[in-house]
Amino acid sequence: MSSDLERRAKRVLSPLPGRYTWLPLDRGEGSWLITKDGRRVLDLTCGIAVTNVGHAHPKVVRAVSEQAAKLMHISTGVATYESNIALAEALGTVTPRGLDTVFFGNSGAEAVEAAIKLSRQYTKRQAIIAFRGSFHGRTAGALTVTTSKSSYRLGYGAMLPEVYIAPYPYAVTCPIKPAHDMKTCAEHCLAELEMMFEHEVPPEHVAAILIEPVLGEGGYVAPPSSFLVALRDIATRIGALLVMDEVQTGFGRTGAWFATQKHGVDPDILVIAKALGGGMPLGAIVTSRAMQDKWISGTHGSTFGGNPVSCAAGLATFEIIRDEGLVARAERLGELMVTELAPLRSDPRVREIRRFGAMVAIEFDAKATAKAAIAGALEHDVLLITCGAHDQAVRFIPALNIAEDDLRKGVRALVEAHRSAAVATPA
Ligand SMILES: Cc1ncc(COP(=O)(O)O)c(C=O)c1O
């Protein structure tokens, strides 16, 4: 039965966004969502990798309300205030080597736009190399480098010029036979990239190589570190920038502050958003001071970017992640999830179980299988979402401070839901 909220939403809100559920929410508390009629649902989505410290963490709520009472908005170009500076200072203590200067925007897509613009202006080159299966956002520039699903481009016509798409290692879906492992897949991808320099884009045209250190929307796929190390070397060799999109992987999610650190690679531009604002809209790029000193003043900007309240929420979230040891905890949570999923390893409908820190996915044979599993889990009050080009994978994105018992129950709900659905529709 549809709720009052659903009926009203259908009258006045655009039907455009894809929707997983119509759960009529009243509030969130830690890892739990509470509906208008009092149903408690375990949130294993974190609002798509945003609420890494859970919903309504008292320290974040306090920081937001105190900042809102003091100064809600002024715009960075108009005056100077504490919270964006304090957040940038804090970020500088954990960002990859040499990255200490922050430009704030409002979202992931906006941060990607900033990275593309800065790369082009700084290098005086045009070409951007991105990777098949990546998601970088929905604005026109970010969409041009997004290839996680071709449907995102439907009907939108010409995109940015000078964008080249290289393959991303993803062995389990690779159509090239014989079946091969990720290391071999990564070697093929690197060979393809070198071929692109011979046939499609002269290396001296390349402004940036832009990559997610773990595919997010594209399926929670981690390449071997050797792949990213090689990209670092290639970028340096051809005089291009290496841009790491950590919008989904950042802030402890992978068992490091940033996944690129776990891979042992230092990018030139770090792109962040989602958990950065702890639930408030916030995005940023972080680079060396030298690079941003060369970004011609006034050639990019934003009214709301680095908003005082968003930055206060971001700083409180940062401090919770740091002070409560949540980066290290991500590994434990990841191990717990994979242990609980283990009984499905031999299931004929399961193609792969993947983990990089607390980024865990189970890839099924088809979208219908993944959707049936998350629908079954929701019947048991566990909220999960999918990823992958065909929504064939279920991803687990728990808050990094979730109670282990809750997480265990949540994963078990998915396992049981899949088993029941499989009995109902044998393979
Ligand atoms: C890796 C990555 N980059 C960029 C974006 C775009 O972020 P936003 O939705 O905040 O524009 C996303 C969103 O899912 C993402 O996962």
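Help me understand the sheet that holds strand β9 (residues 269–272) in this model?
Within a beta sheet, neighbouring strands are joined by backbone hydrogen bonds and run either parallel or antiparallel to one another. If you walk across this open sheet you meet the seven strands as β4-β10-β9-β8-β7-β5-β6, and the pairing is mixed. Two strands in the sheet have a free side with no partner beyond their single neighbour: β4 (101–105) and β6 (163–166). The sheet shows a mean angle of 20° between the axes of neighbouring strands, taken without regard to direction. Here four bridges tie strand β5 (residues 127–131) to β6, and the two strands are oriented parallel to one another. Across the sheet, Ala130 pairs through a bridge with Ile165, a residue of β6. On the sheet, helix α8 (residues 225–238) packs against β7 (206–211) and β8 (241–245) and is oriented at approximately 170° with respect to β7.

Even after reading the chapter, I still don't get the site of the ligand, so can you show me in this structure?
Contacts to the ligand come from 15 residues, most closely from Ser107, Gly108, Ala109, Gly137 and Val247. If one sorts the elements of the shell around the ligand by residue count, helix α5 (residues 108–123) sits on top with three residues. Residues of the shell around the ligand, tallied by class, amount to six nonpolar, six polar and three charged.

What should I look at first to understand the nonpolar core in this one?
Core analysis: the largest hydrophobic core is formed by 119 residues, its most contacted members being Ala115, Ile209, Val271 and Ile285. In terms of residues, this core owes the most to one element, helix α11 (residues 308–323), which gives nine residues. If we skip the residues at most four places from it in the chain, Ile209 touches Ile129, Leu231, Ile234, Ala235, Ala240, Leu242 and Val243.

Sorry, what's going on with the domain arrangement of the protein chain here?
Interface size is commonly expressed as the accessible area that is lost once the parts come together. Taken as a whole, the protein chain is organised into domain 1 (4–53 + 326–424) and domain 2 (59–323). Relative to domain 2, the C-alpha centre of domain 1 lies at a distance of 25 Å. Residue-level contacts link 25 residues of domain 1 with 30 residues of domain 2. At the level of elements, α12 (326–341), β11 (350–356), β12 (359–364) and β15 (393–396) are the ones that each hand at least two residues to the side of domain 1 that touches domain 2. With five residues, α12 is the largest single contributor of residues to the side of domain 1 that touches domain 2. Of the residues assigned to the side of domain 1 that touches domain 2, the class counts are 14 nonpolar, five polar and six charged.

Explanation requested: the pairing of β15 in the structure shown.
Consecutive residues of a regular strand have side chains that alternate between opposite faces of the sheet. Across the two faces of β15 the burial is the same, with Ala393 and Arg395 and Val394 and Phe396 all buried. Two strands pair when backbone bridges link them, and β12 and β15 are joined in this way by four bridges, in the antiparallel orientation. Note that in β15 the partner of Ala361 across the bridge is Arg395. Note: strand β14 (residues 385–387) against β15, three bridges, orientation antiparallel. Across the sheet, residue Cys387 finds its bridge partner in β15, namely Ala393. Once β14 ends, the chain turns through five residues before running back antiparallel as β15, passing Gly388 with a positive phi of about 100°.

Cut-off values and rules
Residues numbered from 1 in each chain as written. Predicted model: local features only at pLDDT ≥ 70, side-chain atom pairs only at ≥ 80, totals over all residues. Pairing = 2+ DSSP bridges. Helix = DSSP H or I, 4+ residues; strand = E, 2+ residues; numbered from the N terminus. Axes fitted to C-alpha atoms, helices over the stretch in contact; angles between N-to-C directions. Contact = placed C-beta atoms within 7 Å. Near = placed C-beta within 6 Å. Nonpolar A, V, L, I, M, F, W, Y, C, P; charged D, E, K, R; others polar. Core = buried A, V, L, I, M, F, W, Y, C linked by C-beta atoms within 7 Å. Buried ≥ 20, exposed ≤ 12 C-beta atoms within 10 Å, placed from the backbone. Domains from an automatic or database assignment.

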